[in-house]
Amino acid sequence: MTGSEPFESVPMAGDHPDQAISLSQALLAPRIVIEDATPVIDGGTFAAKAVRGHKVDVSAKVYADGHDRLAVMLYWRQAHSRRWHGVAMHSPGNDLWLADFTPGELGLHLFSIEAWIDPFATYCHDLEKKYAAGQDVQLELQEGRVLLGQGIQRSEGLLREQLQALQQRLPGLSVDDQVAQLLHPDVTRLMSEAEHRSYLTRSPEFPLDVDREAALFASWYELFPRSVTDDPERHGTFNDVHQRLPMIRDMGFDVLYFPPIHPIGLQHRKGRNNALQAEPGDPGSPYAIGSPEGGHDAIHPQLGSRDDFSRLVAAAAEHGLEIALDFAIQCSQDHPWLKEHPGWFSWRPDGTIRYAENPPKKYQDIVNVDFYAAEAVPSLWLALRDVVVGWVEEGVKTFRVDNPHTKPLPFWQWLIANVRSQHPEVIFLAEAFTRPAMMARLGKVGYAQSYTYFTWRNSKQELREYFEELNQPPWSLCYRPNFFVNTPDINPFFLHTSGRAGFLIRAALATMGSGLWGMYSGFELCEGTPLPGKEEYLDSEKYQIRPRDFNQPGNIVAEIAQLNRIRRHNRALQTHLGVVFLNCWNEQILFFAKRTAERDNYILVAISLDPHNAQEASFELPLWELGLDDNADTQGEDLMTGHRWTWHGKTQWMRIEPWHQPFGIWRISKHH
């Protein structure tokens, strides 16, 4: 069903929240209750997340007094369109109503639920029961003809003609044939079209933000272009990055992410290992953005020209890679904005500017803008929006945003909506390691995906609780986790001493746990040398150029490529949703399943959390989810090796040896 305006002058469920209401209010209040609609965030204040081409399941509790039958419809439309689409909802019982739709366009959508009392459906329900019980239904047949007459009066054109023909035909039929005619689905459909929808009630219009596939399923690879060189004294360029594209593609990545590529300031430039004093030739941190060569809309001269960047974007696309850029709002003390717009910053009483801090960390080489300074509203906001749009026009559709939780939430809500209103394909990733409420709120205000606590979840209990939390509302509605295994800022303690097996363990957890995962260059080489006692890298690439030999012995390039290949070939692994934990009697082995709603793609994942010792366990196959009894045979396939076998029964046994492979990934299916 389609139409231009299905909702007009209709009571809305929840219009009268006060318990004490007047008689006039009670008479106008909706008789039908529509509540607990999903997917809905904070009563519709924020848009739930969806993906173009993916089914959106909608549910609600809908009920009314008495025993009359209800008709319930789901409507949806693009926010900028007046054309509604509709589908009938069905009820499995207990007042729950279900339907689904598949958005075909990007951007903001709206959906709403309508319900009304359906006299003809109520009549058919009662007639069918009485007829089946052998009761006399002559009077009921007269009532049916009356209802048909009422439908004729409310209809016109072909619908009216069809109902009139039925009304004229009925009296000449036997009782059995009259009952069959009145209960026929075609008659139900015609009467539904002629129904005036008694006590029509509708829900509010709930927002739904529809992203492209890459917002749900993507593999990110982070590198510093300046380190793509064979000489630490020679600054790498965009042109040098071309040579890395085939290997990154062959590892199965589809997003190539660069830290800031803008000019780097000289004042207070950091030296190696975050030294306060830079030595001659030290490149500085790319997060100290801005120099006389330009600011956030400029390119660091040593990386190349704007034409070089455009050629790299095009070359990456030819390899199936999308370039993502860092959007870091902080400025060096050489940024042109400090001279052009000093009112965008906060100055101390002595005329100096306060540098950024995140105690105990200090960032003497950067300063922050003041979003609510008198001279910054709205000019700073518009300037930052223009920076993003400028890079979008250069072909960049994905942005990783540095520390968004330290900037105003209203700014992000406005900026993301503003950019996506013109470019709905744009994706924003929040680099936020902060309190859960703030991380969820960033998702609500528009971020398509976010960094997570995954980096610090190591034990079986911690991982299970976190995966399950992400699979439940409200997180499942507003938050898409990107499981980065490491970043230039974070060298996890687990990787300091776990060796090659530890890197494989974290790669398996990330690739199997979420549709979104990422790794920072060097992870495939098992780099983990820390600053003593800290989750930071010794000789951090943030402060120096780091050439690498990506073919050096002990690398896990082949394993990462196979993990990404498995993800591409199994729909169940292309989201963080759909996880279920299964019985495995060993606290060092995490055992879970990822499966599609239809159960046509069912993946079992067993990961040893011990990088040093072999682990053994009995475990259970989820035969009940496949509709099989406990003694059934199932087909197993090792997706890392291609080996196939038959399992007999529910209880099985495994042994995982980390020096070979610290995990197992198996596809299970019914035995044929």
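Remember, it's a predicted structure, so these values are computed and weren't measured experimentally.

Peer 1: What's the story with unusual backbone geometry in this structure? I'm lost.
Peer 2: It is generally the case that most residues other than glycine have a negative phi and that most peptide bonds are trans. Here the residue pair Thr38 and Pro39 is connected by a cis peptide bond, since its omega of 0° sits within 30 degrees of zero. In this fold, Pro39 is placed in the loop between β2 (33-38) and β3 (48-51). Of the consecutive residues Val377 and Pro378, the connecting peptide bond is found in the cis state with omega at 0°. Its location among the elements puts Pro378 in the loop between β16 (361-367) and α11 (379-393). Positive phi is not limited to glycine here, since Asp95 has a value of about 70°. In this fold, Asp95 is placed in the loop between β7 (90-93) and β8 (96-101). The partly exposed category is assigned to Asp95, whose relative accessible area is 38%. Despite not being glycine, Asn273 has its phi angle at roughly 55°, a positive value. Among the structural elements, Asn273 can be located in the loop between β13 (255-258) and α9 (306-318). Assessed through its relative accessible area of 29%, Asn273 is described here as partly exposed.

Peer 1: Just to check I follow, could you spell out the UniProt feature "domain: Glycosyl hydrolase family 13 catalytic" (unreviewed entry) in the chain for this structure?
Peer 2: Mapped onto this numbering, the UniProt entry gives "domain: Glycosyl hydrolase family 13 catalytic" (unreviewed entry) at residues 222-567. Note that residues 222-567 is 32% helix and 12% strand, and that its end C-alpha atoms are spaced 19 Å apart.

Peer 1: Looking at this structure, how should I read the environment of Leu525?
Peer 2: Assignment of secondary structure puts Leu525 in the loop between β21 (516-520) and α18 (557-569). Along the chain, Leu525 and Gln552 lie 27 residues apart, while their C-alpha atoms are 7.4 Å from each other. The contacts of Leu525, once residues within four sequence positions are left out, are Arg548, Asp549, Phe550, Gln552 and Asn555.

Peer 1: What is the right way to look at the UniProt feature "site: Transition state stabilizer" (unreviewed entry) in the chain in this model?
Peer 2: Summarizing the sequence annotation, UniProt attributes the feature "site: Transition state stabilizer" (unreviewed entry) to Asp489 in the numbering used throughout. Within the secondary structure, Asp489 sits in the loop between β20 (482-484) and α16 (493-497). With a relative accessible area of 23%, Asp489 lands in the partly exposed category.

Peer 1: Would you take a moment to explain the pattern of salt bridges for this structure?
Peer 2: Where charged atoms from two side chains of opposite charge come close, those side chains can pair. For the structure shown, the criterion picks out 39 salt bridges. Among the ionic pairs, Lys650 bridges to Glu620, the shortest N-O distance being 3.9 Å. Within this pair, whereas Lys650 is found in the loop between β27 (644-648) and β28 (651-656), its partner Glu620 is found in strand β25 (residues 615-620), the two being separated by 30 residues in sequence. On the accessibility criterion, Glu620 (13% relative accessible area) is buried. When salt bridges with common partners are traced through the structure, they connect Asp209, Asp211, Arg420 and Arg480 into a single cluster.

Peer 1: In this structure, what is going on with the packing of aromatic side chains? I would like to understand it.
Peer 2: The relation between two aromatic rings is expressed through the spacing of the ring centres and the mutual angle of the planes. One pass over the full model with this rule turns up 39 aromatic pairs. Judged by centre distance (5.6 Å) and plane angle (70°), the rings of Trp412 and Tyr447 are edge-to-face. Of this pair, Trp412 sits in helix α12 (residues 409-422) while Tyr447 is found in the loop between α13 (436-444) and β19 (449-450), placing the two residues 35 residues apart along the sequence. Comparing Trp412 with Tyr447 shows no difference in burial state: the two are buried. Residues Trp645 and Trp647 carry aromatic rings whose centres are separated by 5.2 Å and whose planes lie at 85° to one another, so their mutual orientation is edge-to-face. The same class applies to Trp645 as to Trp647, namely buried. These aromatic residues form a ring-pair network of at least three members: Phe327, Phe371, Tyr372, Trp381, Phe399, Phe411, Trp412, Trp414, Phe428 and Tyr447. Looking at Arg506, its charged tip hangs above the ring of Phe454, at a distance of 4.3 Å from the centre.

Peer 1: When you look at the side chain of Ser332 in this model, what are you seeing that I'm missing?
Peer 2: As for its position among the elements, Ser332 is in the loop between β14 (322-327) and α10 (336-340). Discounting chain neighbours no more than four positions away, the residues touching Ser332 are Gly265, Ala288, Ile289, Gly290, Leu338, Asp365, Ile366 and Val367.

Peer 1: What exactly am I supposed to notice about the sheet that holds β19 here?
Peer 2: For sheets, the rule is that strands pair by backbone hydrogen bonds, running either parallel or antiparallel. Taken in spatial order, the 8 strands make up an open sheet running β19-β18-β17-β14-β13-β12-β21-β20, and their pairing is parallel. Two strands lie at the open edges of the sheet, namely β19 and β20, each paired on one side alone. Packing against the sheet, α11 makes contact with β14, β17 (398-402) and β18 (427-431), and its axis sits at approximately 165° to β14. Contacts between α18 and the sheet are confined to β12 (218-222) and β21, with β21 contributing the most and set at about 165° to the helix.

Peer 1: Would you take a moment to explain the environment of Gly104 for this structure?
Peer 2: Within the secondary structure, Gly104 sits in the loop between β8 and β9 (107-117). Remark: the alpha-carbon pair of Gly104 and Gln78, spanning 26 residues in sequence, is separated by 9.6 Å.

Peer 1: Looking at this structure, how should I read α12?
Peer 2: Note: α-helices contain 3.6 residues per turn, so residues at a spacing of three or four share the same orientation. For α12, spanning 14 residues, the distance from its first C-alpha to its last is 21 Å, which sits close to the expected 20 Å at 1.5 Å a residue. Listing the buried residues of α12 in full gives Phe411, Trp412, Leu415, Ile416, Val419 and Arg420. On an axial view of α12, the arc spanned by its buried residues comes to 135°, and they lie on one face. Among the exposed residues of α12, those pointing more than 90 degrees away from its buried face are Ser421 and Gln422.

The rules behind the values
Residues numbered from 1 in each chain as written. Predicted model: local features only at pLDDT ≥ 70, side-chain atom pairs only at ≥ 80, totals over all residues. Heavy atoms only, no water. Helix = DSSP H or I, 4+ residues; strand = E, 2+ residues; numbered from the N terminus. Buried < 20%, exposed > 50% of the residue type's maximum accessible area, 1.4 Å probe, protein only. UniProt positions renumbered as here; feature names shortened; annotations may be inferred. Contact = heavy atoms within 4.5 Å. Salt bridge = Lys/Arg side-chain N within 4 Å of Asp/Glu carboxyl O. Phe/Tyr/Trp six-rings, centres within 6.5 Å; stacked < 30°, edge-to-face > 60°. Lys NZ or Arg CZ within 6 Å of the ring centre and 35° of its normal. Pairing = 2+ DSSP bridges. Axes fitted to C-alpha atoms, helices over the stretch in contact; angles between N-to-C directions. Expected span 1.5 Å × (residues − 1). Arc of directions from axis to C-beta.

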